[in-house]
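Overview (structure and organization)
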Amino acid sequence: MRFRTVLLDLDGTLIDHFTAIHRCHANVRRHFGLPEPTPEEVRRAVGGGLENALRRLLGPAHADKVEVGLAVYRAHWDLTLLDDVTDLPGAMPLLAALKAAGIRPAVLTNKHAGSSRQICTHLGMDPYLAGVFGAGDTPWLKPDPRFSQHALRALGAEAGSTLLVGDSPYDVQTGKNAGFAMWAVTTGTHSAEELQSAGADRILPGLKEVITQLGLAKG
């Protein structure tokens with residue numbers, strides 16, 4: 001099948017922003033006098049939106065602190081979100097190859113929409129992207145199909161000709177709920193075994209392999 005639209009997750013798929021994410025979660029825990037989370041704890045917590053991640057990292061005993069934690073996180077995030085953010089290997093070549101082939105790439109992420117757009121601009125992705133859809137653009141997050149449908153309407157796209165590329169079971173479930181083909185990469189927070197168990201259509205080591213699988217590799 002020739003895809004007309006490729007939706008891409010952001011964290012762990014197109015970009016590596018984990019150092020900044022861990023730093024902000026550690027700041028929240030320190031604010032409440034709690035020990036800093038390990039990188040592995042943060043990796044296990046993220047993917048389903050910031051509020052859910054904070055709830056997991058603060059734990060049931062501190063569920064009443066989530067709202068304050070959100071404010072603390074966002075204040076630190078706004079000051080540091082462009083620190084330590086990089087595109088993952090193959091990200092820019094993939095975006096360029098998609099656009100050159102007449103395939104529309106767009107971002108579909110549970111990351112805050114304003115932050116996502118700022119990061120994509122900072123990394124020089126804007127010329128290639130047909131849209132960036134994130135948390136706050138709608139009342140929904142992945143894997144809710146209403147979020148995916150919002151993106152499709154904005155892009156003038158159809159589910160049957162759309163591929164979703166992501167790195168987590170949330171992305172796999174998003175593809176299933178929306179009727180997208182779903183290819184998973186192992187550059188994020190989940191293993192190939194976890195992604196296979198979730199039901200990804202294909203599991204690839206990274207975006208360079210996505211380019212090859214789409215038949216966009218030069219030479």
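Structure's up top.
Attention here is on the structure that accompanies the text.

What counts as what
- Residues numbered from 1 in each chain as written.
- Predicted model: local features only at pLDDT ≥ 70, side-chain atom pairs only at ≥ 80, totals over all residues.
- Heavy atoms only, no water.
- Helix = DSSP H or I, 4+ residues; strand = E, 2+ residues; numbered from the N terminus.
- Rg over C-alpha atoms; globule rule 2.2 N^0.38 Å.
- Buried < 20%, exposed > 50% of the residue type's maximum accessible area, 1.4 Å probe, protein only.
- Areas by Shrake-Rupley, 256 points an atom, 1.4 Å probe, with all protein chains shown as cover.
- Lys, Arg positive; Asp, Glu negative; His and termini not counted.
- Charge placed at Lys NZ, Arg CZ, Asp CG, Glu CD.
- 1 Å grid on protein atoms, 1.4 Å probe; cavity = no way out; pocket = protein on both sides within 12 Å on 5 of 7 lines; lining within 4 Å.
- Points joined across faces, edges and corners; volume = space filled by probe spheres on them.
- Nonpolar A, V, L, I, M, F, W, Y, C, P; charged D, E, K, R; others polar.
- Pairing = 2+ DSSP bridges.
- Right-handed = clockwise from strand over helix to strand, strands pointing away.

Thoughts on the overall build of the chain
- Counting secondary structure elements, the chain contains 10 helices and 8 strands.
- For 219 residues, the compact-globule formula gives about 17 Å, and the C-alpha radius of gyration of the chain, at 17 Å, lands near that figure.
- Taking the principal axes of the C-alpha coordinates as reference, the chain spans close to 55 × 30 × 30 Å.
- Residues counted as buried form 50% of the 219 residues belonging to the chain.
- A total of about 9,900 Å² of accessible surface is found on the chain, and carbon and sulfur atoms cover 52% of it.
- One finds the centroid of the 22 positive side-chain charges in the chain at a distance of 5 Å from the centroid of its 23 negative side-chain charges.

Brief notes about the layout of surface pockets
- Of the pockets and cavities examined, the largest pocket occupies roughly 800 Å³.
- The set of elements that each furnish at least two residues to the lining of the largest pocket consists of β2 (15–16), α1 (18–31), α3 (50–58), α4 (66–80), β4 (104–112) and α8 (169–178).
- The greatest single-element share of the lining of the largest pocket, amounting to 5 residues, is contributed by α4.
- Classifying every residue of the lining of the largest pocket gives 13 nonpolar, 16 polar and 11 charged.

Brief notes about the pairing of strand β6 (residues 162–166)
- With respect to burial, β6 is a largely interior element, 5 of its 5 residues being buried.
- A two-sided burial pattern is seen for β6, the buried positions comprising T162, L164 and G166 on one face and L163 and V165 on the other.
- One ladder, built from 4 bridges, connects strand β1 (residues 5–8) with β6; its direction is parallel. Bridging from a neighbouring strand, L8 pairs with V165 of β6.
- Sheet topology note: the β6/strand β7 (residues 181–185) ladder contains 4 bridges and is parallel. Its bridge partner being in β7, L163 is matched across the sheet by A181.
- Crossover β6 to β7 through α8 is right-handed.

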